[in-house]
Amino acid sequence: IPVDAFDLVIFGGTGDLARRKILPSLFRRMRAGQMPATARVIACARGKMTRKAFQQMIREALLEFIPRPEDRPDDLLAQFLEVLDFVALDATGEAGWAELGEKLRPDTVRAFYLSVGPALFGPIAHRLHETGLATADSRIVVEKPLGHDLPSARELNRQLSESFSEHQIYRIDHYLGKETVQNLMALRFANALFEPLWNAQHIDHVQITVSEKIGVEGRGGYYDKSGAMRDMVQNHIMQLLCLTAMEPPARFEPDAVRDEKLKVIRALDPVPIGDTVRGQYRANGTTGSYLDHVENPDSRTESYVALKVQISNWRWAGTPFYLRTGKKLRARLSEIAVMFKEVPHSIFPEVSQRRGNALIIRLQPDEGITLRMTIKDPGPGGMRLREVPLDMTFADALGDMAEEVPDAYERLVMDVIRGNQTLFMRGDEVEAAWAWTDAIIASWEDDRARPEPYDTGGSGPEEALALMHRDGRRWREIE
Ligand code: BG6
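It should be emphasised that the depicted structure is a prediction, and the values quoted were computed from it without experimental measurement.

Parameters at a glance
- Residues numbered from 1 in each chain as written.
- Predicted model: local features only at pLDDT ≥ 70, side-chain atom pairs only at ≥ 80, totals over all residues.
- Heavy atoms only, no water.
- Helix = DSSP H or I, 4+ residues; strand = E, 2+ residues; numbered from the N terminus.
- Buried < 20%, exposed > 50% of the residue type's maximum accessible area, 1.4 Å probe, protein only.
- Lys, Arg positive; Asp, Glu negative; His and termini not counted.
- Salt bridge = Lys/Arg side-chain N within 4 Å of Asp/Glu carboxyl O.
- Contact = heavy atoms within 4.5 Å.
- Near = heavy atom within 4 Å.
- Polar contact = N/O pair within 3.5 Å; in protein donor to acceptor, adjacent residues only side chain to side chain.
- Areas by Shrake-Rupley, 256 points an atom, 1.4 Å probe, with all protein chains shown as cover.
- Nonpolar A, V, L, I, M, F, W, Y, C, P; charged D, E, K, R; others polar.
- UniProt positions renumbered as here; feature names shortened; annotations may be inferred.
- Phe/Tyr/Trp six-rings, centres within 6.5 Å; stacked < 30°, edge-to-face > 60°.
- Axes fitted to C-alpha atoms, helices over the stretch in contact; angles between N-to-C directions.
- Parallel < 35°, antiparallel > 145°, perpendicular 65-115°, else oblique.
- Pairing = 2+ DSSP bridges.

As for the side chain of Arg324
Next, step 1: Relative to the elements of secondary structure, Arg324 occurs in strand 10 (residues 321-326).
Next, step 2: Of the side chains with opposite charge, Glu335 comes closest to the buried, unpaired Arg324, at an N-O distance of 5.3 Å.
Next, step 3: For Arg324, the residues in contact, after removing those within four places along its chain, are Gln207, Ile208, Thr209, Val210, Ile237, Tyr304, Val305, Ala306, Trp475, Arg476 and Ile478.

Notes on the site of the ligand
Next, step 1: In the region of the ligand, 13 residues are neighbours, and Lys144, Tyr175, Lys178, Glu212 and Asp231 sit closest.
Next, step 2: Measuring from an oxygen atom of the ligand, one finds a side-chain N or O atom of Tyr175 at 2.5 Å.
Next, step 3: Within the contact set of the ligand, an oxygen atom lies 2.7 Å away from a side-chain nitrogen or oxygen of Arg219.
Next, step 4: Against a free-state accessible area of 400 Å², the protein chains account for coverage of 82% of the ligand.
Next, step 5: When its residues are assigned to classes, the shell around the ligand shows 3 nonpolar, 3 polar and 7 charged.

Some remarks on the UniProt feature "binding site: NADP(+)" (unreviewed entry) in the protein
Next, step 1: Feature annotation in UniProt assigns "binding site: NADP(+)" (unreviewed entry) to the following positions: Gly12, Gly13, Thr14, Gly15, Asp16, Leu17, Ala18, Arg19, Arg46 and Lys144.
Next, step 2: By the element assignment, Gly13 lies in the loop between strand 1 (6-11) and helix 1 (16-31).
Next, step 3: For Gly13, a relative accessible area of 0% puts it in the buried group.
Next, step 4: Discounting residues that sit within four places of it in the chain, Gly13 has contacts with Ala18, Leu23, Ala43, Cys44 and Phe54.
Next, step 5: Topologically, Arg46 is positioned in the loop between strand 2 (40-45) and helix 2 (51-65).

Concerning the packing of aromatic side chains
Within a pair of aromatic rings, the relevant descriptors are the distance that separates the centres and the angle that separates the planes.
Next, step 1: Enumeration according to the criterion identifies 12 aromatic pairs in this entry.
Next, step 2: Summarising the aromatic geometry, the rings of Tyr170 and Phe424 are spaced 4.9 Å apart at their centres and angled 80° between planes, so their arrangement reads as edge-to-face. Here Phe424 lies in the loop between helix 11 (408-418) and helix 12 (427-447) and Tyr170 lies in strand 6 (residues 169-172), a separation of 254 residues in the sequence. For the residue pair Tyr170 and Phe424, the accessibility class agrees, reading buried in each case.
Next, step 3: Ring centres of Tyr223 and Tyr290 lie 6.2 Å apart, and the angle between their planes is 65°; this geometry places the pair in the edge-to-face category.

Quick notes on the packing of helix 1 against helix 11
Next, step 1: The geometry of helix 1 relative to helix 11 is characterised by a closest axis approach of 8 Å and an angle of 75° between their N-to-C directions. Relative to helix 11, helix 1 is oriented roughly perpendicular. For the pair helix 1 and helix 11, the contacting residues are Leu17, Lys21, Ile22, Ser25, Leu26, Arg28 and Arg29 in the first and Tyr409, Glu410, Val413 and Met414 in the second.
Next, step 2: For the contact of helix 1 with helix 11, the class distribution of residues is 6 nonpolar, 1 polar and 4 charged.

Some remarks on the side chain of Arg315
Next, step 1: By the element assignment, Arg315 lies in the loop between strand 9 (304-309) and strand 10.
Next, step 2: Side-chain polar atoms of Arg315 contact the side chain of Glu195, separated by 2.9 Å.
Next, step 3: Leaving out residues up to four positions away in the same chain, Arg315 has contacts with Arg188, Glu195, Trp198, Asn199, Ala200, Ala245, Glu247 and Pro248.

A closer look at the pairing of strand 13 (residues 368-376)
Next, step 1: The pairing of strand 12 (residues 358-364) with strand 13 spans 5 bridges and is antiparallel. From the neighbouring strand, Arg362 faces strand 13, where its bridge partner is Gly368.

Topic: the sheet that holds strand 11 (residues 333-340)
One key point about sheets: their strands pair by backbone hydrogen bonds, in either a parallel or an antiparallel sense.
Next, step 1: With mixed pairing, 9 strands are arranged side by side in an open sheet as 14-13-12-11-7-10-9-8-15. The strands lining the two open edges of the sheet, one partner per strand, are strand 14 (385-393) and strand 15 (452-455). Each strand of the sheet is rotated relative to its neighbour by a mean of 20°, with strand direction disregarded.
Next, step 2: Looking at chain direction, strand 8 (residues 276-282) and strand 15 are connected through 4 bridges and run parallel.

Structure (structure tokens):
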């Protein structure tokens, strides 16, 4: 469904995110017929640049990030570049604001995407309000880092709320834009099969894994101040946890969904330090260690985290959620594994290993769902059992349509234009997540221990295995 004409202003419009993600995503939406040629995208950045030079820059970005020529036909490329404009603007000074104002059209949806560092969120929001460029219906889009801890997140929310009301603020967590993450909600709330079993009575535990092959090369400056806890757990993993654990919202509407997510965060128990594992990758052969990629040779920042988390409510009490994420691991793999309890009484001989059913939701790569079942081993050898996967890969199930799986930003930017906040974080949600992660980080700081070293290309520190073993459980393989 095409959206109405809009004016999208991107502050930091010549930056990495704009070139890599935002503009290629908009291009794909135009190709899909959703973004009208009457839309306008105005990039703002400090340096002087002509509109022509900016169009050329984005042309090159599209050639790079949409590599197959058949995906970017020349006529469409030309049409897309026509939509683009550029204003040299000083976010904290005077230059450019009047020119930007002249370019914006009345009675057109207006969105301001702040693809800049968080220190500029407040000042830009303020200027937009003060100059009257932001109308009561305008949207403002911001993205992580949304603070560094609870006080800074509160301050950021305060600054934004001085100039925009909550229904105008779109806080992106790009995980919520991923097709498979939205599918988690469809799986849970559009199928009658799972919901009756979705609780501590039937589920033994849940494992959430976001494993990455890449390290922190090139991003050491930012990453060393954050670590895996702030970079991944406070936001992306928290969102996966919420969507897995939340109560069914009454409606698929922004506040109904976000209220339920917030309740989950508020029900999280504080995590004792003994239920946390921090790791840092060490050198392996020719690949450097974490410490080779950051400035501080003595850094104690974690590039891996594993946690055992308890949710204190009726649905989940007694069913732990094990979370882990790390860089420089064996494979790129994100999944949610819901591990069901074993049958209460087995009538079969103890000749084969038995485990409970498992529902694996693979977020990336090979997006899909697998249900682990137990069946009889074929053949006359008696009643031996074996485990088999009931496998559904979205690419196969959806055939040609699977090629259309949009990038997270395509969905999210269009939702901004449509004015739908369901897949965006509310301010109180972000603050609650910080309150919980801050306590864990503080316990590490008091402890002053070094993160556990782990091998590049492996599956994380030994201590993370022990976190599960002592409960008689084990992590799924990262492969
Ligand atoms: C970003 C983190 O938010 O998410 C990165 O800052 C991480 O460190 C990335 O690599 C992971 O995103 P994706 O979509 O590749 O799983």
